[in-house]
Amino acid sequence: MIRRPPRSTLFPYTTLFRSRELNKGGNRSCMHIEFDIKDSRIRYESGDHVAVFPMNDPTMIDTIGKLLGANLDEAISLVSLDDDTHKKNPFPCPCTYRTALQYYLDISSIPYIHVLKEISDYATDPEEKMKLKLMTSNTPEGKALYHEWVHNQCRNIVQILQDLPSLKPPLDHLCELLPRLQARYYSISSSPKISPDRIHITAVLVKYTAPMGRTINGVATSWFAKNNPNNGNKHLVPIFVRKSQFRLPAQTQTPVIMIGPGTGFAPFRGFIQERKFQQVQGKEIGETILYFGCRHKAEDFIYEEELEDYIKSGTISKLHVAFSRDQKEKVYVTHLLRQNADEVWNVIGECNGHIYVCGDARNMARDVHNIIKTICVEQGKMTEEKATEYVKRMEFQKRYSADVWS
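What you see is a predicted model, and the numbers here were worked out from it, not measured in a lab.

1. Considering the sheet that holds strand 6 (residues 184–187)
Thinking step 1. Taken in spatial order, the six strands make up an open sheet running 6-3-10-1-2-7, and their pairing is antiparallel. With partners counted over all chains shown, the strands left at the sheet margins are strand 6 and strand 7 (198–204), one partner each. For this sheet the average axis-to-axis angle between neighbouring strands, irrespective of direction, equals 40°.
Thinking step 2. Summarising the sheet, strand 1 (residues 13–21) and strand 2 (residues 30–36) pair through six bridges and their orientation is antiparallel. Across the sheet, Thr15 pairs through a bridge with Asp36, a residue of strand 2.

Quick look at the structure:
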């Protein structure tokens, strides 16, 4: 049986072309990754996102096979028993269990309550069955147990099968219940003006220890780390581009402020490349101000040499960097924005410039939004109400743009 990974004219394979470590030290990894799109029909613009279809860790798949006593290379098909249903199969059929688990089914996320409820009857140990029944009930005790034992402990379906050894659902039933493995989206960190045949991304390796002591690995970033193309091997991965409204101003002379700590810098790398291209063409480019943040200058100041070259060439007018842990008091990009309130107001209030924010939605982006309103009040001499209206008008005019995640 031929394994059928997700490939079509919509989601073509591309070659994982290059990968390199960006961090200079510390215990965290940040990767610069390039996809070769030369022979594909994929096109992109600075500010777009690329979706990567990841592949599950083969060791996790083998573990499922051993725990359930299943032949992973057995060919299967899903057949709907409802003639009126329009629901599509979660994976192409026929295929093998191994193919379904590797490419199509999510085995790394925390399973939903209804999945555990469906498989609870397969537990043969009375205590384990009672535990599952309680966790999937609507009682306060059941919800608390699910939250503590599954959610807080970050248990995925593989670990639940390991920790409840009498739970052995048929693999075909489990495949019916597991959700589809979703694409992972990354901000593109290159410009087609400079790199027409390559899509660059900047990704932090997701790896942490859960409260139960197990190591949790990100599906996509772990695959990137293990399949480094620099060793001479060819690695293929299906991707597609999602268009975005996150764009530089149409007028090259319009000043911009870009705020992107950590990997939030990714789309701005593409923006800066674009402005460098315009500069080389002899076009007048407006003031380009970048706010970047990381923990330590000596460890995770990513693309430091590139940024220094852009400053020397005048592509970047000003670079404000917050090294949050290089001094006793933590300093973030939000502190630097407050310190440079007059500069910010000059761009957005007097020069009709644009402001861009990329990164954490829950804290950083919200704090930046509040600081911009405060600057409008203090520097623009507005009331709170007028400042709120001004920022909303900037957003409507696409002069205030955010590319954020939670």
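Let us keep going from here.
2. Some remarks on helix 14 (residues 361–378)
Since there are 3.6 residues in each turn of an α-helix, residues three or four apart along the chain are aligned in direction.
Thinking step 1. An ideal rise of 1.5 Å per residue puts 26 Å on 18 residues; helix 14 measures up with 25 Å between its terminal C-alpha atoms.
Thinking step 2. Looking at the packing, one finds that the buried side of helix 14 touches strand 11 (256–259), helix 12 (333–339), helix 13 (341–350), strand 14 (354–360), helix 15 (384–396) and strand 15 (400–405).

3. A look at the packing of helix 13 against helix 14
Thinking step 1. Interaxial distance between helix 13 and helix 14 falls to 10 Å at its minimum, and their mutual angle equals 85°. What the angle tells us is that helix 13 and helix 14 run roughly perpendicular. Note on element contacts: helix 14 touches helix 13 through Ile372, Ile375 and Cys376, opposite Ala341, Val344, Trp345 and Ile348.
Thinking step 2. Classifying every residue of the contact of helix 13 with helix 14 gives seven nonpolar, no polar and no charged.

4. Looking at the pairing of strand 14
Thinking step 1. For strand 14, the tally of buried residues reaches six of seven residues, placing the bulk of the element in the interior.
Thinking step 2. Note: strand 14 against strand 15, six bridges, orientation parallel. Residue pairing in the sheet places Asp360 in a bridge with Trp405 of strand 15.

5. Some remarks on the pattern of salt bridges
Thinking step 1. The tally for this structure, following the rule as stated, stands at 18 salt bridges.
Thinking step 2. With a shortest N-O distance of 3.3 Å, Asp57 and Lys226 are connected by a salt bridge. In this pair, Asp57 is assigned in the loop between strand 3 (49–52) and helix 1 (58–68) and Lys226 in helix 8 (residues 219–226), connecting sequence segments 169 residues apart.
Thinking step 3. With a shortest N-O distance of 2.9 Å, Arg269 and Glu306 are connected by a salt bridge. Remark: Glu306 occurs in helix 11 (residues 304–313) and Arg269 occurs in helix 9 (residues 266–280); sequence separation between them is 37 residues.
Thinking step 4. Residue class for Arg269 comes out buried when judged on its relative accessible area of 5%.
Thinking step 5. Glu306 sits in the partly exposed class, given a relative accessible area of 21%.

6. Here we look at the packing of helix 14 against helix 15
Thinking step 1. The interhelical angle for the contact between helix 14 and helix 15, taken along N-to-C directions, is 120°, at an axis separation of 9 Å. Between helix 14 and helix 15, the angle is such that the two are oblique. Crossing of helix 14 against helix 15: the hand is right-handed. Where helix 14 approaches helix 15, its residues His369, Ile372, Lys373, Cys376 and Val377 are matched on the opposing element by Glu384, Ala387, Thr388, Tyr390, Val391 and Glu395.
Thinking step 2. Within the contact of helix 14 with helix 15, the residues separate by chemical class into six nonpolar, two polar and three charged.

7. Things to note about the environment of Cys376
Thinking step 1. By the element assignment, Cys376 lies in helix 14.
Thinking step 2. Along the chain, Cys376 and Leu22 lie 354 residues apart, while their C-alpha atoms are 37 Å from each other.
Thinking step 3. For Cys376, the contacting residues outside a window of four places in its chain are Trp345, Ile348, Lys381, Met382, Ala387, Tyr390 and Val391.

8. What about the sheet that holds strand 15?
Thinking step 1. If you trace the five strands from one edge of the open sheet to the other, you get 13-12-11-14-15, paired in parallel fashion. Edge positions in the open sheet fall to strand 13 (318–323) and strand 15, since each of these has one partner strand only. Strand-to-strand twist in this sheet, taken as the mean axis angle between neighbours without regard to direction, amounts to 10°.
Thinking step 2. Where strand 11 meets strand 12 (residues 288–294), four bridges bridge the pair, whose relative direction is parallel. Bridged to Ile257 within strand 12 is Ile289.
Thinking step 3. Together, strand 11, strand 12, strand 13 and strand 14 form the strand contacts of helix 13, whose direction differs from that of strand 12 by roughly 135°.

9. Some details on a positive patch on the surface
Thinking step 1. Residues Arg28, Arg295, Arg325 and Lys330 make up a contiguous surface patch of positive charge.
Thinking step 2. For Arg295, the position within the fold is in the loop between strand 12 and helix 10 (297–300).
Thinking step 3. Given a relative accessible area of 32%, Arg295 falls into the partly exposed group.

10. A word on the nonpolar core
Thinking step 1. Core analysis: the largest hydrophobic core is formed by 56 residues, its most contacted members being Phe35, Leu101, Ile107, Leu171, Ile199, Phe224 and Ile239.
Thinking step 2. Sorting elements by how many residues they give to this core places helix 2 (residues 97–104) first, with five residues.
Thinking step 3. The contact partners of Phe35, leaving out residues within four places of it in the chain, are Thr14, Thr15, Leu16, Phe17, Val52, Asp197, Arg198, Ile199, Ile201, Phe224, Val237 and Ile239.

11. Observations concerning helix 15
Thinking step 1. For helix 15, built from 13 residues, the straight-helix expectation of 18 Å at 1.5 Å per residue is met to within 8% by its first-to-last C-alpha distance of 18 Å.
Thinking step 2. Next to the buried residues of helix 15 lie helix 13, strand 14, helix 14 and strand 15.
Thinking step 3. Of the residues one or two after helix 15, Lys398 is the one with positive phi, at around 60°.

Thresholds, definitions, all that
Residues numbered from 1 in each chain as written. Predicted model: local features only at pLDDT ≥ 70, side-chain atom pairs only at ≥ 80, totals over all residues. Heavy atoms only, no water. Pairing = 2+ DSSP bridges. Helix = DSSP H or I, 4+ residues; strand = E, 2+ residues; numbered from the N terminus. Axes fitted to C-alpha atoms, helices over the stretch in contact; angles between N-to-C directions. Expected span 1.5 Å × (residues − 1). Contact = heavy atoms within 4.5 Å. Parallel < 35°, antiparallel > 145°, perpendicular 65-115°, else oblique. Nonpolar A, V, L, I, M, F, W, Y, C, P; charged D, E, K, R; others polar. Buried < 20%, exposed > 50% of the residue type's maximum accessible area, 1.4 Å probe, protein only. Salt bridge = Lys/Arg side-chain N within 4 Å of Asp/Glu carboxyl O. Left-handed = near helix turned anticlockwise from the far one by under 90°. Patch = residues over 30% accessible without salt bridge, like charges linked within 9 Å, V, L, I, M, F, W, Y side chains within 5 Å. Areas by Shrake-Rupley, 256 points an atom, 1.4 Å probe, with all protein chains shown as cover. Lys, Arg positive; Asp, Glu negative; His and termini not counted. Charge placed at Lys NZ, Arg CZ, Asp CG, Glu CD. Core = buried A, V, L, I, M, F, W, Y, C linked by side-chain atoms within 4.5 Å.

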